[in-house]
Amino acid sequence: MLDDALHFLVQAQEDPDWARLGRHLPSEWIEQAVVHTGKASIRRRRLPTEQVEWLVVALALYRHQSISEVVDDLDLALPDVQAPFVSKSAVAQARQRVGAEPLRALFEISAKAWSEQDRKQYLFKGLSLYAMDGTTLKTADTPEQRDHFGEQSYASGRIASYPQVRGVTLTAVPTHLIRDAKFGPYGINEMLYAKELLASIPDDSLTVFDKGFLSAEILCGLTVGGTNRHFIIPAKSNTKWEVVGGTADDAMIEMRVSPQARKKCPDLPETWRARAITIIDQSARKHVLLTSLCDTKRYTAKDVATCYTRRWQIETSYRELKQTMMGRALTLRSRTVEGVYQEIWGTLTAYNLIRLEIAKAALAVKCEPTEVSFIRAFHVIQYELHWAAVTRSHGKLPALMQRLRQRLLMLLNEERPGRKIDRAVKALPHRYTVRVLKKDLN
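Let us look at the structure shown here.

Scoring rules and cut-offs
Residues numbered from 1 in each chain as written. Predicted model: local features only at pLDDT ≥ 70, side-chain atom pairs only at ≥ 80, totals over all residues. Heavy atoms only, no water. Core = buried A, V, L, I, M, F, W, Y, C linked by side-chain atoms within 4.5 Å. Buried < 20%, exposed > 50% of the residue type's maximum accessible area, 1.4 Å probe, protein only. Helix = DSSP H or I, 4+ residues; strand = E, 2+ residues; numbered from the N terminus. Contact = heavy atoms within 4.5 Å. Lys, Arg positive; Asp, Glu negative; His and termini not counted. Salt bridge = Lys/Arg side-chain N within 4 Å of Asp/Glu carboxyl O. Polar contact = N/O pair within 3.5 Å; in protein donor to acceptor, adjacent residues only side chain to side chain. Pairing = 2+ DSSP bridges. Axes fitted to C-alpha atoms, helices over the stretch in contact; angles between N-to-C directions. Phe/Tyr/Trp six-rings, centres within 6.5 Å; stacked < 30°, edge-to-face > 60°.

## Some thoughts on the nonpolar core
Among the nonpolar cores identified, the biggest contains 57 residues, and Leu 61, Met 325, Ile 344, Leu 348 and Ile 354 are the most heavily contacted of them. For this core, the element with the most residues is helix α13 (residues 337-365), which contributes 13 residues. Among residues more than four places away in sequence, those in contact with Ile 354 are Leu 61, Met 325, Phe 374, Phe 378 and Ile 381. One finds Leu 170, Met 191, Cys 220 and Ile 233 within the second-largest nonpolar core, a separate group that totals 32 residues.

Here it is, written out as structure tokens:
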């Protein structure tokens, strides 16, 4: 039955031009995600499941536009002479019918494939460089969202004005492509999401963690659960170890696994070893980096410190997701729990689509992807997709994509002069009255 439905879509009059939203997201992946989740449309619809997947991805690219505008401007609905436009209610019902699973499957299929495409171009001494970190997203303030996602609470008894989604991402440091992500209620600890992501870390890789993920269960699980998988993580101020070799600034250490951790995970060893490297930052403060890269000749202390410094670059990924792509919106667009999950998966796919185009353009001129302005590339892609939407000729699409790449090559970040005034954190003015919420203790 699913095959019949997909065959009908392929044979429909004036087939929609899937390639105009990015030639790197082939229709086969769309269909694979649909079949995998069993969400194919059986009867003829203006917005079948495949089109809804495109719609959710497009909504992330055009956050400043309404859903109806995105459907009409990008011509996402199947043609119908009697009803040239799709009503708002039909679009909302289509999104509810599809749910989040097809978008999750699409993200996982595309993220893995895109991360592998040019991986060999960015290796660090034979290892792929990744970073794992967490972030939060605000949702609309509805009872359903608060019950499911929860919110941040403060010692004063106040709670955040909006429910929040907590998530952890595994990001390729050179290209900022997100290889995998886990997210859900705010009350779930980041460590649990990180454990779920360990299986997504490929062999022959080096993953840089934030100090909050310092755990024998995570780090030992990383090194034991794969082949040649390594980590770098800063030590906490209260981390205890015993020096078993090396020098004061580059030592081999041994740490004990707590009884609580071994009781929770019996497979953990009683002790585990790592390399402790002392570095001094720009503020003359000492930090200790723990790593499983024990070959001091192949991986010098300077190499390890440089990899850890590059890890901070992925913080801009969260800024690009939450500020550049969402504009000035405080919350996600969706007002239902299922819609929030669907929107996040679509946003991650859209973000990767932009980052992939940037990476491809950077390879053409032999520069780093981080040297290309994300904001300007984002705006160029928005414009090009609008233009491609009104271009029905398949023969023109390769030229359009080539033109897009050429424009991206002109968007290299310009070097700015040194800062003359020290940075200062200033309070942002409030446009509206701040609402103070209290915990309901009943």
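## Things to note about the side chain of Arg 63
Mapped onto the secondary structure, Arg 63 falls in the loop between α3 (49-61) and α4 (67-73). We note that Arg 63 is buried and unpaired, the nearest opposite charge coming from Glu 343 at a distance of 4.4 Å. Only 3.0 Å separates the side chain of Arg 63 from the backbone oxygen of Thr 331, close enough to count as a polar contact. Leave out the neighbours within four places in its chain, and Arg 63 touches Met 325, Met 326, Ala 329, Thr 331, Leu 332, Arg 333 and Glu 343.

## Quick look at the sheet that holds strand β5 (residues 205-209)
Taking strand neighbours across the sheet as the criterion, the 9 strands line up as β4-β3-β1-β5-β6-β10-β9-β8-β7 in an open arrangement whose pairing is mixed. Where the open sheet ends on each side, the last strands, each with one partner, are β4 (178-185) and β7 (242-246). With strand direction ignored, the average angle separating the axes of adjacent strands in the sheet is 25°. Bridging between strand β1 (residues 128-138) and β5 involves 5 bridges; their strand directions are parallel. Paired with Leu 129 across the bridge in β5 is Leu 206. Packing against the sheet, helix α8 (residues 190-197) makes contact with β1, β3 (164-172) and β4, and its axis sits at approximately 145° to β4. In this fold helix α9 (residues 216-224) packs onto β5, β6 (229-234) and β9 (271-280), with an angle of close to 155° to the strand it touches most, β6.

## A few points about unusual backbone geometry
One can expect most non-glycine residues to show negative phi and most peptide bonds to be in trans. In this structure, Lys 125 takes a positive phi of about 50° despite not being glycine. Relative to the assigned elements, Lys 125 resides in the loop between α6 (101-117) and β1. Backbone geometry places Asp 204, a non-glycine residue, at a positive phi of 55°. Its place among the elements puts Asp 204 in the loop between α8 and β5. Of the residues examined, Asp 204 reaches a relative accessible area of 34% and is grouped as partly exposed.

## Remarks on the pattern of salt bridges
Per the stated rule, a full pass over the model turns up 17 salt bridges. Each of Asp 133, Asp 210, Arg 311 and Glu 315 takes part in a single network of salt bridges with overlapping partners.

## Some remarks on α9
Inspection of α9 places Ala 216, Ile 218, Leu 219, Cys 220 and Leu 222 among the buried residues, and these make up the whole buried set. Buried-residue contacts for α9 involve α8, β5, β6 and β9.

## Description of the environment of Gln 152
Tracing the chain through its elements places Gln 152 in the loop between α7 (143-149) and β2 (158-159). Not counting residues within four places of it along the chain, the set of residues in contact with Gln 152 comprises Arg 158, Ile 159, Ala 160, Gln 164 and Tyr 186.

## Looking at the packing of aromatic side chains
Counted according to the given criterion, the structure contains 10 aromatic pairs. Aromatic side chains Phe 183 and Tyr 341 sit 5.7 Å apart centroid to centroid with 20° between the ring planes, which places their arrangement in the stacked category. Separated by 158 residues along the polypeptide, Phe 183 in strand β4 and Tyr 341 in helix α13 bring together distant segments of the chain. The pair formed by Phe 183 and Tyr 341 is uniform in burial state, with each residue classed as buried.

## With respect to the pairing of β5
Counting buried positions along β5 yields 5 of 5 residues, so the element is predominantly enclosed. Side-chain alternation along β5 places Ser 205, Thr 207 and Phe 209 on one buried face and Leu 206 and Val 208 on a second face that is also buried. Here 4 bridges tie β5 to β6, and the two strands are oriented parallel to one another. Bridge pairing in β6 links Leu 206 to His 230.

## Regarding helix α12 (residues 315-325)
Listed in full, the buried residues belonging to α12 are Ser 317, Tyr 318, Glu 320, Leu 321, Thr 324 and Met 325. Phi turns positive, to about 65°, at Gly 327, one or two residues after α12.

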